[in-house]
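Examination of the molecular architecture
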Amino acid sequence: MRIAIGADHAGFPLNERIIAELGRLGHDLIDFGTHYPKVVDDYPDYAKSVGEAVQTGTADIGILVCGSGVGAAVAANKMLRIRAAACSDTYSAHQSREHDDCNILCLGARVIGEALALEIVRAFIQARFTGEERHLRRLAKIAAIEEDAIATGLNRDR
């Protein structure tokens, strides 16, 4: 699987461990950094880079790591066709893929430990969208919300 990954300074140490694990598992990685953990940076920049890689098909899925995972998810979810989930347990990680067809996993380095983070990553990357009618129906409704916001000009972020 081709995975785009990025982290801000708060997520750097955990991100490095995730990169090592994904490499060990044989995944092809697109690493957007940060590579300078002592430089204060901003998670929306990494969310944009990872999100664009997923949007264009350069990556199959993405992973973002920041302090809480929430900020990165908020930023990534501003992008069309991105469904980012901030997860702190394995159930949410696999269900976000199976039911919601999420394409970006967001983790909080200040919220979860390394062992749990790696379990969550494995659960997310191993899960697949079920394609069940009820999930397709719900995703169509989400897409309609996006389209309505664009058409009415209410979505100023796009």
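Up top is the structure.
The text that follows walks through the structure, step by step, so that each part is easy to find. Bear in mind that the values here come from a model prediction, so they are computed numbers and not experimental data.

As a further point, take helix H2 (residues 43-56). The end-to-end C-alpha distance of H2, which contains 14 residues, comes to 20 Å, matching closely the 20 Å that a straight helix rising 1.5 Å per residue would cover. Directly after H2, the chain includes Gly57, whose backbone phi takes a positive value near 85°.

Counting across every chain of the model gives eight salt bridges. With its nearest N and O atoms 3.0 Å apart, the salt bridge here joins Arg17 to Glu114. Note that Arg17 is positioned in helix H1 (residues 12-24) and Glu114 in helix H5 (residues 114-126), a separation of 97 residues in sequence. What makes Arg17 partly exposed here is its relative accessible area of 29%. Salt bridges linked by common partners bring Glu21, Arg24 and Arg122 together as one network.

This next bit is on the side chain of Arg97. Here Arg97 lies in helix H4 (residues 90-98). Buried charge without a partner: Arg97 forms no salt bridge, and the closest opposite charge is Asp101, 5.1 Å away. Other than its neighbours up to four places away in sequence, Arg97 contacts Met1, Ile61, Cys102, Phe124, Ile125, Ala127, Arg128 and Phe129.

The next point concerns the side chain of Thr34. Position of Thr34 relative to the elements: it lies in the loop between strand E2 (28-31) and H2. Among the polar contacts listed, one links the side chain of Thr34 to the backbone nitrogen of Tyr36, at a separation of 3.2 Å. A distance of 3.3 Å separates the side chain of Thr34 from the side chain of Asp41, its partner in a polar contact. Residues contacting Thr34, with those up to four places away along its chain left out, are Ala7, Asp8, His9, Phe12, Glu16, Asp41 and Tyr46.

Time to look at the nonpolar core. Ranked by internal contacts, the top residues of the largest apolar core, which has 24 residues, are Ile18, Leu22, Ile63, Leu105, Leu107 and Val121. Counting only elements with at least two residues in this core, the list comes to strand E1 (2-7), H1, strand E3 (61-66), strand E5 (104-108) and H5. Among residues more than four places away in sequence, those in contact with Leu107 are Ile18, Ile63, Leu64, Val65, Cys66, Ser68, Gly69, Cys87, Ile112, Ala117, Ile120 and Val121. Counting residues in hydrophobic clusters, the runner-up holds 19 residues, among them Ala73, Ala75, Ile104 and Cys106.

Relative orientation of the contacting elements H1 and H5 amounts to 50°, with a least axis distance of 10 Å. Comparing the axis directions of H1 and H5 gives the class oblique. Judged by the sense of rotation from one axis to the other, the crossing of H1 with H5 is right-handed. Contacts between H1 and H5 pair Leu14, Arg17, Ile18, Glu21 and Leu22 from the former with Glu114, Ala117, Leu118, Val121, Arg122 and Ile125 from the latter. Class assignment of the residues belonging to the contact of H1 with H5 gives a composition of seven nonpolar, no polar and four charged.

This part covers the packing of aromatic side chains. The description of two aromatic rings rests on the distance between their centres and on the angle between their planes. Enumeration over the complete set of coordinates arrives at zero aromatic pairs. Over the face of the ring belonging to Phe124 we find Arg97, whose NZ or CZ atom lies 5.2 Å from the ring centre.

Conventions used here
- Residues numbered from 1 in each chain as written.
- Predicted model: local features only at pLDDT ≥ 70, side-chain atom pairs only at ≥ 80, totals over all residues.
- Heavy atoms only, no water.
- Helix = DSSP H or I, 4+ residues; strand = E, 2+ residues; numbered from the N terminus.
- Expected span 1.5 Å × (residues − 1).
- Salt bridge = Lys/Arg side-chain N within 4 Å of Asp/Glu carboxyl O.
- Buried < 20%, exposed > 50% of the residue type's maximum accessible area, 1.4 Å probe, protein only.
- Lys, Arg positive; Asp, Glu negative; His and termini not counted.
- Contact = heavy atoms within 4.5 Å.
- Polar contact = N/O pair within 3.5 Å; in protein donor to acceptor, adjacent residues only side chain to side chain.
- Core = buried A, V, L, I, M, F, W, Y, C linked by side-chain atoms within 4.5 Å.
- Axes fitted to C-alpha atoms, helices over the stretch in contact; angles between N-to-C directions.
- Parallel < 35°, antiparallel > 145°, perpendicular 65-115°, else oblique.
- Left-handed = near helix turned anticlockwise from the far one by under 90°.
- Nonpolar A, V, L, I, M, F, W, Y, C, P; charged D, E, K, R; others polar.
- Phe/Tyr/Trp six-rings, centres within 6.5 Å; stacked < 30°, edge-to-face > 60°.
- Lys NZ or Arg CZ within 6 Å of the ring centre and 35° of its normal.

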